[in-house]
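# Observations on chain architecture
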Amino acid sequence: MTLSVLIADPWDGYALLDSGGGRKLEQYGDVRLVRPEPQAMWHPSEPDLWDTADTRFEGTDEDDGPGRWSDPVGDFTVPIGPARMICRLGSNHHPGLFPEQRPHWDNAVAALRGYEGAEVLNLFGYTGAASLLLAAAGAKVTHIDASKKAIAWARENQEASGLQDAQVRWICEDASKFVAREVRRGRHYQGILLDPPKFGRGPKNEVWNLFDDLPPLMADVSAITAPDARFVILTAYAIRASALAVGRLMEEVMAPHGGSVEAGELALRERTGRLLPTSMFAVWRP
Ligand SMILES: C[S@@+](CC[C@H](N)C(=O)[O-])C[C@H]1O[C@@H](n2cnc3c(N)ncnc32)[C@H](O)[C@@H]1O
């Protein structure tokens with residue numbers, strides 16, 4: 001296993017402007033946000049810039065909030081390659097797009113280059129950025145999320161992106177149940193992405209607890225990985241675990257497929273060049 005830092009650089013649509021004091025200042029499209037970021041234990045490098053924020057999240061950095069934005073801001077859009085992601089502020093601090101994942105998405109698109117009609121599974125797919133980028137590149141994507149609201153938002157993003165013809169099956173379903181069923185059906189995928197939360201609920205109130213439920217899910221993911229697969233990409237946030245542990249799990253379940261595993265941290269590169277860690281990952285490649 002190799003260990004690395006996968007860095008998301010700013011692009012025309014998103015930038016980490018500054019961080020520090022337990023918060024981060026970001027540009028999402030036309031809107032400037034301040035959000036909690038407990039890992040930013042240093043000082044901001046441009047304190048005056050923070051006065052230019054349009055709105056600030058006052059509350060915890062937990063996925064389900066609670067908290068509130070200081071000033072109302074209507075929907076705004078972040079362009080990312082061929083996709084247009086609608087961002088929307090609610091009762092938690094997530095605007096609807098995880099920019100640190102961009103290197104994963106670009107790598108997945110690159111890995112499928114030259115493969116016509118690859119089947120891709122996007123588990124815990126949220127608002128659909130990975131699904132839309134891969135479908136725009138020609139993959140047939142199956143997108144799974146337990147939240148009806150997230151599925152509806154992802155469909156809105158498809159519409160806003162003008163990607164109505166891109167092949168995505170949007171399915172509201174529990175990720176573990178769906179994959180177990182795909183194992184029984186003997187289905188296979190050339191690419192699989194998983195972005196599980198620490199805790200979650202399936203549509204029928206099925207409990208998702210990452211430490212208990214990820215190992216069996218990963219075993220099933222291995223079983224539906226096609227012999228000619230190009231990637232399995234796993235991201236994990238806000239858990240007390242090491243990238244080594246996430247990488248070791250990936251190595252174990254993917255051993256029958258050969259290949260290699262890279263694990264490490266995802267980080268956003270600030271304008272000043274400083275890196276802000278966001279999450280850990282493990283990637284399998286043939
Ligand atoms: C926001 S993404 C992941 C982001 C990131 N990993 C985090 O924890 O902040 C998590 C997605 O998983 C979905 N989800 C939670 N439990 C699920 C389950 N059991 N099956 C399928 N999707 C689930 C949520 O609806 C959400 O859209």
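Cut-offs applied
Residues numbered from 1 in each chain as written. Predicted model: local features only at pLDDT ≥ 70, side-chain atom pairs only at ≥ 80, totals over all residues. Heavy atoms only, no water. Core = buried A, V, L, I, M, F, W, Y, C linked by side-chain atoms within 4.5 Å. Buried < 20%, exposed > 50% of the residue type's maximum accessible area, 1.4 Å probe, protein only. Helix = DSSP H or I, 4+ residues; strand = E, 2+ residues; numbered from the N terminus. Contact = heavy atoms within 4.5 Å. Pairing = 2+ DSSP bridges. Axes fitted to C-alpha atoms, helices over the stretch in contact; angles between N-to-C directions.

The protein chain appears in an unreviewed UniProt entry as SAM-dependent methyltransferase from Acuticoccus sediminis.

In terms of nonpolar packing, the biggest core is built from 47 residues, with Tyr28, Leu97, Trp105, Val120, Leu134 and Leu193 touching the most fellow members. Broken down by element, this core gets its largest block of residues, 6 residues, from helix α2 (residues 129-136). The residues touching Val120, leaving out its near neighbours within four places in the chain, are Leu112, Leu134, Ala139, Lys140, Val141, Thr142, Tyr189, Gly191, Leu193 and Phe231. Formed by 33 residues, the second largest nonpolar core is a distinct cluster that contains Phe124, Leu194, Ala229 and Val253.

In space, the 5 strands of this open sheet follow the order β2-β3-β4-β5-β6, with mixed pairing throughout. Edge strands, defined here as strands with exactly one partner in the open sheet, are β2 (14-20) and β6 (67-69). Direction aside, the axes of adjacent strands within the sheet are offset by 20° on average.

This part takes up the sheet that holds strand β15 (residues 231-236). Strand order in this open sheet of 8 strands is β1-β16-β17-β15-β12-β9-β10-β11, and the pairing throughout is mixed. Looking at strand neighbours, the two that pair on one side only are β1 (2-8) and β11 (168-172), the edges of this open sheet. On average, adjacent strands in this sheet sit at an angle of 20° to one another, irrespective of strand direction. As judged from the 5 bridges shared by strand β10 (residues 140-145) and β11, these two strands associate in the parallel manner. Along β11, the bridge assignment pairs Ile144 with Ile171. In this fold helix α3 (residues 148-160) packs onto β10 and β11, with an angle of close to 160° to the strand it touches most, β11. Across the sheet, helix α5 (residues 210-223) lies against β9 (119-123), β12 (191-194) and β15, angled at about 175° from β15, the strand it touches most.

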